[in-house]
Amino acid sequence: MPPFFMLRMATALTVDTVAAWIAEYTQDDDFFVVSVTLPAPDAIEVEVDRDAGISSDECAALNRHLLSHLEAEGLDVSVTVSSPGLTTPMRLPRQFRKNVGRDVEVVLPDGSKLTGRLVRADEAGISVCYEAKERLEGRKRPTMVSHEASWTYGELKRVTLIIGKRSRRDE
């Protein structure tokens, strides 16, 4: 009989295995996985969402689904299933599309920040409408001027939703 650690290695978890178990959970088109991480050999962390938002009850149901697979494999692993927090930077194009019309803070690689309304998100990148004070010709005082800027995802350091301020969807 092989030593215990050899058996443990044969049933080691991978992100792909956990992702396959999550795929079994639902085939709904609006459900998506944001991230799956294995921060330790005995821990799994999963972030999931839906286009219309995910409930804590559904996160708990997915947690139970994963625990049943782990139990069947004879693994004692802690599982955390959650939705991405409101202050967690968006990472997937789908997260950006879901939040079009909401206020965001954009941080560029040089550390500069701007806040504005997310007006477009697709597979290539995003566009944000923002206002900046500018001195216009013929005026003594600076005036707020609207601008729209676009970036590819690779040009962004971080984009987060602005909370605590009324954030409306496009009307």
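Computed from a predicted model, the values in this text were never measured in an experiment.

## Describing the sheet that holds strand β2 (residues 43-50)
Paired through their backbone hydrogen bonds, the strands of a sheet run either parallel or antiparallel. Pairing in this open sheet of three strands is mixed, and the strands run β1-β2-β3 from one edge to the other. For this open sheet the edge positions go to β1 (31-40) and β3 (78-82), each flanked by a neighbour on one side alone. For this sheet, the mean inter-axis angle between neighbouring strands, taken without regard to orientation, is 15°. Pairing between β2 and β3: five bridges, direction parallel. In the sheet register, Ile44 faces β3, and the bridge partner there is Val79.

## As for the packing of aromatic side chains
For any pair of aromatic rings, the description rests on two quantities: the centre-to-centre distance and the angle between the ring planes. Tallied over the entire structure, the rule returns two aromatic pairs. Look at Tyr25 and Phe31: their rings are 6.0 Å apart centre to centre, the planes differ by 50°, and that puts the pair in the tilted class. Looking at Tyr25, the relative accessible area reads 23%, which means it is partly exposed. Look at Phe31 and you get buried, because its relative accessible area is 10%. A ring pair is formed by Phe96 and Tyr153, whose centres lie 5.1 Å apart and whose planes are at 50°; its orientation type is tilted. Of the two residues, Phe96 is situated in helix α4 (residues 93-98) and Tyr153 in the loop between β7 (143-152) and β8 (158-161); the sequence distance between them amounts to 57 residues.

## Remarks on the sheet that holds strand β5 (residues 113-121)
Taken together, five strands build an open sheet; the order of strands is β7-β6-β5-β4-β8 and the sheet is antiparallel. Each edge of the open sheet carries a strand with a single partner, namely β7 and β8. Within the sheet, the average angular offset between the axes of one strand and its neighbour, ignoring direction, is 35°. Bridging between strand β6 (residues 125-134) and β7 involves ten bridges; their strand directions are antiparallel. What sits directly across from Val128, in β7, is Ala149.

## Observations regarding the confidence of the model for the protein chain
Mean pLDDT over the protein chain: 88, with 89% of residues reaching 70 or higher. Least confident of the elements in the protein chain is helix α1 (residues 4-10), whose mean pLDDT is 38; most confident is β5, at 97. Within the model, pLDDT remains below 50 along residues 1-10, and this stretch shows four contacts once partners closer than five positions in the same chain are excluded. Predicted confidence is poor over residues 166-171, with pLDDT under 50, and the contacts of this stretch with residues over four places away or in other chains come to 15 contacts.

## Considering the nonpolar core
Formed by 18 residues in total, the largest nonpolar core has its most connected members in Val46 and Leu66. Leave out the neighbours within four places in its chain, and Val46 touches Val18, Ile22, Ser35, Val36, Leu66, Thr80, Val81 and Ser82. Listed in part, the 16 residues of the second largest apolar core include Phe96, Val106, Leu156 and Val159.

Conventions used here
Residues numbered from 1 in each chain as written. Predicted model: local features only at pLDDT ≥ 70, side-chain atom pairs only at ≥ 80, totals over all residues. Heavy atoms only, no water. Pairing = 2+ DSSP bridges. Helix = DSSP H or I, 4+ residues; strand = E, 2+ residues; numbered from the N terminus. Axes fitted to C-alpha atoms, helices over the stretch in contact; angles between N-to-C directions. Phe/Tyr/Trp six-rings, centres within 6.5 Å; stacked < 30°, edge-to-face > 60°. Buried < 20%, exposed > 50% of the residue type's maximum accessible area, 1.4 Å probe, protein only. pLDDT = per-residue confidence, 0-100. Contact = heavy atoms within 4.5 Å. Core = buried A, V, L, I, M, F, W, Y, C linked by side-chain atoms within 4.5 Å.

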